[in-house]
Amino acid sequence: MPKQMSAVRRTSIAGLLTATSLVLALSSCASYDVTAPADARAEAPAADVKAKDARLAAAGDAKSGRKTASGGGDEVDCRKAKCVALTFDAGPSENTDRLLDILKREKVHATFFMLGQNHIEKRPAEVKRIDAEGHELANHTWSHQILTDVKPETAWREISRVQYAVRKITGKSPKLMRPPQGRTDENVSKISKELGVAQVLWSVTAKDYQTNDSALITKRVLEQTERDGIILLHDIYRGTVPAVPGILKELKKRGYTVVTVSQLLSPAKPEPGMVYRP
């Protein structure tokens, strides 16, 4: 028996050392801060938690976790509700008005990570409408350059030009930025912090840039979606917008509350430079 216990103990210690080495190796590779939405909510400052709870109480429906008044569920409490964030990249485009019609009809708000060149600059009316209808304005860089592959000054311009363009149109500066292809590093995080934007990745992708099959897009989204997820779609592709009504219908049937990224994080506020990833 002593020999057997000794063997087990040696195996356990070896396993612990292996796990520790793996953690250290991963830690040495990570050069920027990453947090999940649930962790962000749990670590929110007490003052923000108190303010959130006061807003929910004022809405008269704190027990169910969401507001019953008009506004598409502006006071959702994702600490209680089964939330998922809906995001659209690379617009606005000729499809955006139709998408906004759908979201308005379904009383859903989304986050729009917009491109500058050929999008924001050519479609200011759609940018205004996105803002006016309560959706979240967000930054997807000016020309979709991979921020980790360019010089810091170029990365700065890619982000800052969108900040300026959106502010000029709406009077508001985006608080969120999605790096193209989700590629970020310590330098991108530093620039993001300086420009006042948090970085947002995703957990669900339909790869709608590969197909115009709306049924396939719907299937891919629904297969991957879990609580606190972030769905990535593009309102520039032909098959995506027609898929949205079916996606929303099924998500609601499954008990999900569809929210913006900032609603998903609340009562935490997006922290500039931080990478949020489910």
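Above this text you will find the structure in question.
Residues numbered from 1 in each chain as written. Predicted model: local features only at pLDDT ≥ 70, side-chain atom pairs only at ≥ 80, totals over all residues. Heavy atoms only, no water.

S.K.: What am I meant to see in the overall build of the chain here?
M.R.: In terms of regular secondary structure, the chain is built from eleven helices and ten strands. A sequence separation of at least 24 residues applies to 74% of the contacts in the chain between residues at least 6 apart. If you sum the accessible surface of the chain, you get close to 13,900 Å²; carbon and sulfur atoms cover 53% of it. (Helix = DSSP H or I, 4+ residues; strand = E, 2+ residues; numbered from the N terminus. Contact = heavy atoms within 4.5 Å. Areas by Shrake-Rupley, 256 points an atom, 1.4 Å probe, with all protein chains shown as cover.)

S.K.: Sorry, what's going on with the side chain of T184 here?
M.R.: On the secondary structure map, T184 appears in the loop between β5 (176–177) and α8 (186–195). The class for T184 is buried, based on a relative accessible area of 11%. Of note is the side chain of T184, whose polar atom sits 2.5 Å from the side chain of Q199. Leaving out residues up to four positions away in the same chain, T184 has contacts with Y32, T148, P179, S189, Q199 and V275. (Buried < 20%, exposed > 50% of the residue type's maximum accessible area, 1.4 Å probe, protein only. Polar contact = N/O pair within 3.5 Å; in protein donor to acceptor, adjacent residues only side chain to side chain.)

S.K.: Just checking my understanding: could you explain helix α6 (residues 124–132) for this structure?
M.R.: For α6, the full list of buried residues reads E126, V127, R129, I130 and D131. Packing partners of the buried residues in α6 comprise α4 (96–106), β3 (111–114), α5 (116–120), β4 (136–139) and α7 (152–170). Within two residues after α6, G134 carries a phi angle of roughly 90°, on the positive side.

S.K.: Can you help me understand the state of the cysteines in this one?
M.R.: Covalent bonding between the sulfur atoms of two cysteines defines a disulfide. Evaluated as defined, the whole model comprises one disulfide. For C78, the disulfide goes to C83, at an S-S distance of 2.2 Å. Residues C78 and C83 share a disulfide whose torsion about the S-S bond is about -90°; that sign makes it left-handed. Both residues of the pair, C78 and C83, belong to the buried class. (Disulfide = S-S within 2.5 Å.)

S.K.: Just checking my understanding: could you explain the pairing of β4 for this structure?
M.R.: Walk down a regular strand and you will see the side chains alternate between the two sheet faces. Burial along β4 is two-sided: the face carrying E136 and A138 and the face carrying L137 and N139 are both buried. Sheet topology note: the β3/β4 ladder contains four bridges and is parallel. Residue pairing across strands places M114 opposite N139, the latter belonging to β4. (Pairing = 2+ DSSP bridges.)

S.K.: Got a minute to help me understand the packing of α4 against α6 in this structure?
M.R.: The description of two helices packed together rests on the angle between their axes and the distance between the axes. As a packed pair, α4 and α6 sit with axes 10 Å apart at the nearest point and diverge in direction by 15°. By the angle class used here, α4 and α6 are roughly parallel. Taken as a pair, α4 and α6 cross one another with a handedness that is left-handed. Of α6, the residues touching α4 (which contributes T96, D97, L100 and D101) are E126, R129 and I130. (Axes fitted to C-alpha atoms, helices over the stretch in contact; angles between N-to-C directions. Parallel < 35°, antiparallel > 145°, perpendicular 65-115°, else oblique. Left-handed = near helix turned anticlockwise from the far one by under 90°.)

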